[in-house]
Amino acid sequence: MKLIIGNKAYSSWSMRGWLAAKQSGLPFEEILVPLYTDEWDNRKREEDMAPSHGKVPILWDGESVIWDSIAIVDWLADKTSRDRFWPKDEVARGMARSMCAEMHCGFMDLRRECPMNTRRSFPDHEISDAARADAIRILQLWAEARARFGKSGPYLFGTFSAADIMYAPVVSRFKTYGFKLPGFAISYSEAILEHQWVQDWCAAAEEEDWTLERYEDLGSSATA
Ligand SMILES: N[C@@H](CCC(=O)N[C@@H](CS)C(=O)NCC(=O)O)C(=O)O
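These numbers come from a predicted model, not from an experiment.

1. Focus on the pairing of strand β1 (residues 2–5)
Now for step 1: With four bridges connecting them, β1 and strand β2 (residues 29–32) associate as parallel partners. Residue I4 lies in a different strand from β2, and its bridge partner there is I31.
Now for step 2: One crossover worth recording links β1 to the parallel β2 by way of helix α1 (residues 12–24), and it is right-handed.
Now for step 3: In this sheet, strand β3 (residues 58–61) lies alongside β1 in antiparallel orientation, the contact comprising three bridges. If you follow L3 over to β3, its bridge partner there is L59.

Encoded structure:
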């Protein structure tokens, strides 16, 4: 398999695709195309990036191409086993799938106002009431998942699952922007930030030397 991703410092959807590939346990080649550079502009027209209309992550599995993070999770769960990605318990799985879908299509204000930047800290960054409402909704979802289904481990549904894959970049955002979190969310965030794959992702981001003003100068607005 071949996974095409963007910058590790900024690309939250790439992080999800990459964590999903790691969770599959299958070997994969990682190809990083730095966002919004000349290389990006050239590469996104090429055959292997064209199917997603120039967005990452993109997974190539033989002749099959899968883009969009949630489709990559589904593909890899089909290919390996559902239990590797989703809680076994049906009620828990219903909630996990819903939380992932909500993350995938929602929380636009938080995403726009607090773009992922694993390398930086902006504790004084001001956000709108709408972005704050997104954060509160996320914390409510985390609280419910942890309280109802998280007894077997430190993650949302106990063991590391697709829900953690989808929310890991939110953990990173909460850290970058210095959100004041309740105790259970601090513990959950620590578990995510200490996870080996998240550590590896963030360490690689530190080594990148591309800088995008739109994610460093928070006067501008962009999501990633
Ligand atoms: N819904 C897609 C979103 C993918 C996406 O927007 N990726 C961003 C990087 S994090 C991207 O490729 N941006 C490039 C662009 O919009 O030109 C997914 O879940 O994978």
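Once the structure has been displayed, the description carries forward.
2. So, the packing of α1 against helix α8 (residues 162–176)
A pair of packed helices is characterised by two quantities: the angle between their axes and the separation of those axes.
Now for step 1: α8 packs onto α1 with a crossing angle of 135° between their chain directions and a minimal axis gap of 8 Å. Comparing their axes, α8 and α1 come out oblique. Regarding α1 and α8, the two cross each other, and that crossing is right-handed. Every residue of α8 that contacts α1 at S12, W13, M15, R16, L19, A20 and Q23 is listed here: I165, M166, A168, P169, V170 and R173.
Now for step 2: Here the residues of the contact of α1 with α8 sort into nine nonpolar, two polar and two charged.

3. Focus on the site of the ligand
Now for step 1: Around the ligand, 13 residues are found, and the nearest of them are S11, K55, V56, D68 and S69.
Now for step 2: Taking D68, its side chain carries an N or O atom lying 3.0 Å from an oxygen atom of the ligand.
Now for step 3: Separating an oxygen atom of the ligand from a side-chain N or O atom of S69 is a distance of 2.7 Å.
Now for step 4: Protein chains bury 83% of the 510 Å² of accessible surface belonging to the ligand in isolation.
Now for step 5: For the shell around the ligand, the class distribution of residues is six nonpolar, five polar and two charged.

4. Re the state of the cysteines
Now for step 1: For the structure on display, the rule yields zero disulfides.
Now for step 2: Among the cysteines around C100, which has no disulfide bond, C105 carries the closest sulfur, lying 11 Å off.
Now for step 3: By relative accessible area, which is 61% here, C105 ends up exposed.

5. Topic: the domain arrangement of the chain
Now for step 1: Once the domains are mapped, the chain shows domain 1 (2–82) and domain 2 (87–205).
Now for step 2: Surface buried jointly by domain 1 and domain 2 totals about 2200 Å² across both partners, of which 69% is contributed by carbon and sulfur atoms.
Now for step 3: Per-residue buried area on domain 1 facing domain 2 is highest for K8, M15 and R16; these three make up 28% of the total on that side.
Now for step 4: At the junction of domain 1 and domain 2, the tally comes to one salt bridge.
Now for step 5: We note a salt bridge from R97 to D74, for which the minimum N-O separation is 3.7 Å.
Now for step 6: On inspection of domain 1 and its partner domain 2, the count reaches six residue pairs in polar contact (both at pLDDT 80 or more).
Now for step 7: Broken down by secondary-structure element, the contributors of at least two residues to the side of domain 1 that touches domain 2 are α1 and α3 (69–79).
Now for step 8: Grouping the constituent residues of the side of domain 1 that touches domain 2 by class yields ten nonpolar, six polar and six charged.

Criteria and thresholds
Residues numbered from 1 in each chain as written. Predicted model: local features only at pLDDT ≥ 70, side-chain atom pairs only at ≥ 80, totals over all residues. Heavy atoms only, no water. Pairing = 2+ DSSP bridges. Helix = DSSP H or I, 4+ residues; strand = E, 2+ residues; numbered from the N terminus. Right-handed = clockwise from strand over helix to strand, strands pointing away. Axes fitted to C-alpha atoms, helices over the stretch in contact; angles between N-to-C directions. Parallel < 35°, antiparallel > 145°, perpendicular 65-115°, else oblique. Left-handed = near helix turned anticlockwise from the far one by under 90°. Contact = heavy atoms within 4.5 Å. Nonpolar A, V, L, I, M, F, W, Y, C, P; charged D, E, K, R; others polar. Near = heavy atom within 4 Å. Polar contact = N/O pair within 3.5 Å; in protein donor to acceptor, adjacent residues only side chain to side chain. Areas by Shrake-Rupley, 256 points an atom, 1.4 Å probe, with all protein chains shown as cover. Disulfide = S-S within 2.5 Å. Buried < 20%, exposed > 50% of the residue type's maximum accessible area, 1.4 Å probe, protein only. Domains from an automatic or database assignment. Buried area = accessible area lost by both parts, 1.4 Å probe. Salt bridge = Lys/Arg side-chain N within 4 Å of Asp/Glu carboxyl O.

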